[in-house]
Amino acid sequence: MWWPASQSWGGTINSGVFLSCSLLTIYNFLSAMMEGPGFLPFKWRPKHEDDEQFLQFCESCQGFKAPRAHHCRKCNRCVAKMDHHCPWINCCVGHVNHAHFTAFLFWAVVGCFQSTIILSCSLYRGINRVWYMYYGTGKEPRVYLSANTLFFCIFALGLSVGVVLAVGMLLYFQVRAILRNQTGVEDWIVEKAHYRRLDSQDKFVFPYDLGWKKNWSQVINWSCEPVGDGIFWHVRDGCDQFTLTKEQQAQKREKRDRTRLYTVIHRYSGWYLPVVNGWGALCHVPCTDEVRIKLNVGDNVMVTRWRKYWLFGEKLGPEKKVRGWFPRSCVIEVVGTEEWKPKQS
């Protein structure tokens, strides 16, 4: 009613642009979901056996993690250049589908921004229809809104604005990651690398930042096809293929040095909202989708992360490794835990 496609070229172009944004959004969404992030083969090993010392071993995949690869516990696979696990596409964003995922976000934001303008103008014309009838030129578009259409117009406008703000923020982080050639997982690694060197003259250099133009061309192109095999990467001068993996190993060693043994004194069911483990644990649940682990009295847990009311660690036992969060009130620290620390591989 505001700008009919059948009555002007402008309306036709406006409708064509919106439909194009919708189709491109759906196409890139399905492409990102169907192509997947790119997984390392099971039992993957580097070509040269000497390089294994610089890589971490994945117990689940029974192979080594290639540089920039990380194991996703939801996909249960090692993902090449893993950025994060996205529940909307039901898989990770990684080396293969990074471009399609970014394009999906871009066209969704563009389409919803256009719909925000269309709905806002239509809503304004509809609310002020009587004024235009008496004081307008007679050439203004007539927009009629009943109670139902008014409700749905406002509802759709709220959805459009929400997508522009929420998805637009996610698009910003993805574009920043591409320009820096630094994934969300690597952000955390680099942050810890800089923190470790606060009192040192030695500075950590991120090896994959080749300048924004080269970084951009590695991911974004007309075909959205990834550049490279996801295992070998171009690096900056003075760095090698294992600069980041060596830093990860150093951080793992420091993490093992900080590990402390705790024993369970109160049972924990593994619920995300524990109502019997104290008000502190109930009101300060960790804002993360990481699992909670079920604990019984007498279990031992190696703790690696501490919060005021919650702890994160690995339960010791003959079964498969179980890591997760649990309330601090369920456990007490065992003094003298050096003999319990895992041996460095």
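Just above sits the structure.
None of these values were measured; they are calculated from a predicted model.

**Some words on the overall build of the protein**
And step 1. For the protein, the helix and strand inventory stands at eight helices and 11 strands.
And step 2. If you line up the protein on its principal axes, its C-alpha atoms span 85 × 55 × 40 Å.
And step 3. Going through the 345 residues of the protein one by one, you find that 40% of them count as buried.
And step 4. Across the protein, every contact between residues at least 6 apart in sequence was considered, and the portion connecting residues at least 24 apart equals 63%.
And step 5. Distance between charge centres in the protein, computed from 42 positive and 29 negative side chains, equals 7 Å.

**Considering the side chain of Asn28**
And step 1. Along the chain, the position of Asn28 falls in helix H1 (residues 9-35).
And step 2. At 2.8 Å, the side chain of Asn28 forms a polar contact with the backbone oxygen of Leu24.
And step 3. There is a polar contact of 3.1 Å between the side chain of Asn28 and the side chain of His100.
And step 4. Contacts of Asn28, omitting those with residues within four sequence positions, involve His100, Ala103, Phe104, Trp107 and Cys224.

**Observations regarding the packing of aromatic side chains**
And step 1. In total, this model carries 12 aromatic pairs according to the counting rule given.
And step 2. An aromatic cluster of at least three residues, connected via ring pairs, comprises Phe29, Phe101 and Phe104.
And step 3. The ring centre of Trp310 lies 5.7 Å from the NZ or CZ of Arg292, which sits over that ring.
And step 4. Over the aromatic face of Phe312 sits the side chain of Arg305, whose NZ or CZ is 4.0 Å from the ring centroid.

**Focus: the pattern of salt bridges**
And step 1. Tallying each qualifying case throughout the model produces 10 salt bridges.
And step 2. Of the charged contacts, one joins Arg323 and Glu314 as a salt bridge, the two residues approaching to 3.3 Å between their closest N and O atoms.
And step 3. The class for Arg323 is partly exposed, based on a relative accessible area of 43%.

**A closer look at the pairing of strand S8 (residues 300-306)**
And step 1. Note that strand S7 (residues 260-264) and S8 share four bridges and pair antiparallel. By the bridge assignment for S8, Tyr262 is matched with Val301.
And step 2. Pairing geometry for S8 and strand S9 (residues 310-315), over five bridges, is antiparallel. Bridging from a neighbouring strand, Arg305 pairs with Phe312 of S9.
And step 3. Adjacent in sequence and paired antiparallel, S8 and S9 are bridged by three residues.

**Some thoughts on the packing of H1 against helix H2 (residues 98-127)**
And step 1. At a minimum axis distance of 8 Å, the contact between H1 and H2 shows a crossing angle of 150°. Taken together, the axes of H1 and H2 lie roughly antiparallel to each other. Judged by the twist between their axes, the crossing of H1 over H2 is left-handed. Facing Asn14, Val17, Phe18, Cys21, Leu24, Thr25, Tyr27, Asn28, Phe29, Ser31, Ala32 and Glu35 of H1, the residues of H2 in contact are His100, Phe101, Ala103, Phe104, Trp107, Ala108, Val110, Gly111, Gln114, Ser115 and Ile118.
And step 2. Here the residues of the contact of H1 with H2 sort into 14 nonpolar, eight polar and one charged.

**Considerations on unusual backbone geometry**
And step 1. Its identity as a non-glycine residue notwithstanding, Lys43 has a phi of 60°, on the positive side.
And step 2. By the element assignment, Lys43 lies in the loop between H1 and strand S1 (57-58).
And step 3. The phi angle at Asn90 is positive, at roughly 60°, despite the residue not being glycine.
And step 4. Residue placement: Asn90 occurs in the loop between strand S5 (84-86) and strand S6 (91-93).
And step 5. Using a relative accessible area of 63% as the deciding quantity, one classes Asn90 as exposed.

**Considerations on the environment of Thr263**
And step 1. Its location among the elements puts Thr263 in strand S7.
And step 2. Overall, the relative accessible area of 18% leaves Thr263 in the buried class.
And step 3. Sequence separation between Thr263 and His95 is 168 residues; the distance between their C-alpha atoms is 41 Å.
And step 4. Beyond its immediate chain neighbours, meaning those up to four positions away, Thr263 contacts Gly298, Asp299, Asn300, Cys330, Val331, Ile332 and Val334.
And step 5. A distance of 3.4 Å separates polar atoms of two side chains, one belonging to Thr263 and the other to Asn300.

**A look at the sheet that holds strand S11 (residues 331-333)**
And step 1. Ordered by their spatial adjacency, five strands build an open sheet running S10-S9-S8-S7-S11, and the pairing between neighbours is antiparallel. Edge positions in the sheet fall to strand S10 (322-327) and S11, since each has one partner strand and no second. Geometrically, the sheet is characterised by an average inter-axis angle of 40° between neighbouring strands, direction not taken into account.
And step 2. Note that S7 and S11 share three bridges and pair antiparallel. Residue pairing in the sheet places Thr263 in a bridge with Ile332 of S11.

**Considering the environment of Ser329**
And step 1. By the element assignment, Ser329 lies in the loop between S10 and S11.
And step 2. Distance in space between the C-alpha atoms of Ser329 and Glu225 is 50 Å, their sequence separation being 104 residues.
And step 3. Excluding residues that lie within four positions of it along the chain, Ser329 makes contacts with Ile265, His266 and Asn277.
And step 4. Within the structure, Ser329 has its side chain in polar contact with the backbone oxygen of Asn277 (distance 3.0 Å).

Parameters at a glance
- Starting afresh in each chain, residues are numbered from 1 along the sequence in its written order.
- The predicted origin of the model limits local features to residues at a pLDDT of at least 70 and limits the giving and counting of side-chain atom pairs to 80 or more, whereas totals for whole chains, interfaces and linings rest on all residues.
- Each side-chain value is worked out from all heavy atoms of the structure, with water and hydrogens disregarded.
- In this text, helices come from DSSP runs of H or I with a minimum length of four residues, and strands from runs of E with a minimum of two, each type numbered from the N-terminal end.
- The rule is simple: take the accessible area with a 1.4 Å probe, protein chains only, and divide by the maximum for that residue type; under 20% is buried, over 50% is exposed, in between is partly exposed.
- Contacts between residues were defined by any pair of non-hydrogen atoms, one from each residue, lying within 4.5 Å.
- Counting rule for charge: Lys and Arg are taken as positive, Asp and Glu as negative, and neither His nor the chain ends is counted.
- A charged residue contributes its charge at one atom only: NZ of Lys, CZ of Arg, CG of Asp or CD of Glu.
- Nitrogen and oxygen atoms within 3.5 Å of one another constitute a polar contact, given that in protein one can donate a hydrogen and the other can accept it, and given that sequence-neighbouring residues count only through two side-chain atoms.
- Here is the rule: rings of Phe, Tyr and Trp (six-membered ring for Trp) pair when centre to centre is within 6.5 Å. Planes less than 30 degrees apart are stacked, more than 60 are edge-to-face, and the remainder are tilted.
- Whether a charge sits over a ring depends on NZ of Lys or CZ of Arg being within 6 Å of the ring centre and within 35 degrees of the ring normal.
- Salt bridges are defined by distance alone: a side-chain nitrogen of Lys or Arg within 4 Å of a carboxyl oxygen of Asp or Glu.
- Pairing between strands requires that DSSP locate at least two bridges from one strand to the other.
- Axis definition: a line fit to C-alpha positions, over the contact stretch in the case of helices; interaxial angles, taken between N-to-C directions, run 0 to 180 degrees.
- Angles below 35 degrees are treated as roughly parallel, those above 145 as roughly antiparallel, those between 65 and 115 as roughly perpendicular, and all remaining angles as oblique.
- Put simply, a crossing is left-handed when the front helix is turned counterclockwise from the back one by less than a right angle, and right-handed when it is turned clockwise.
- The nonpolar class holds Ala, Val, Leu, Ile, Met, Phe, Trp, Tyr, Cys and Pro. Asp, Glu, Lys and Arg form the charged class, and all remaining residues, Gly among them, are polar.

The quantities given are spatial measurements derived from coordinates; they are silent on function.
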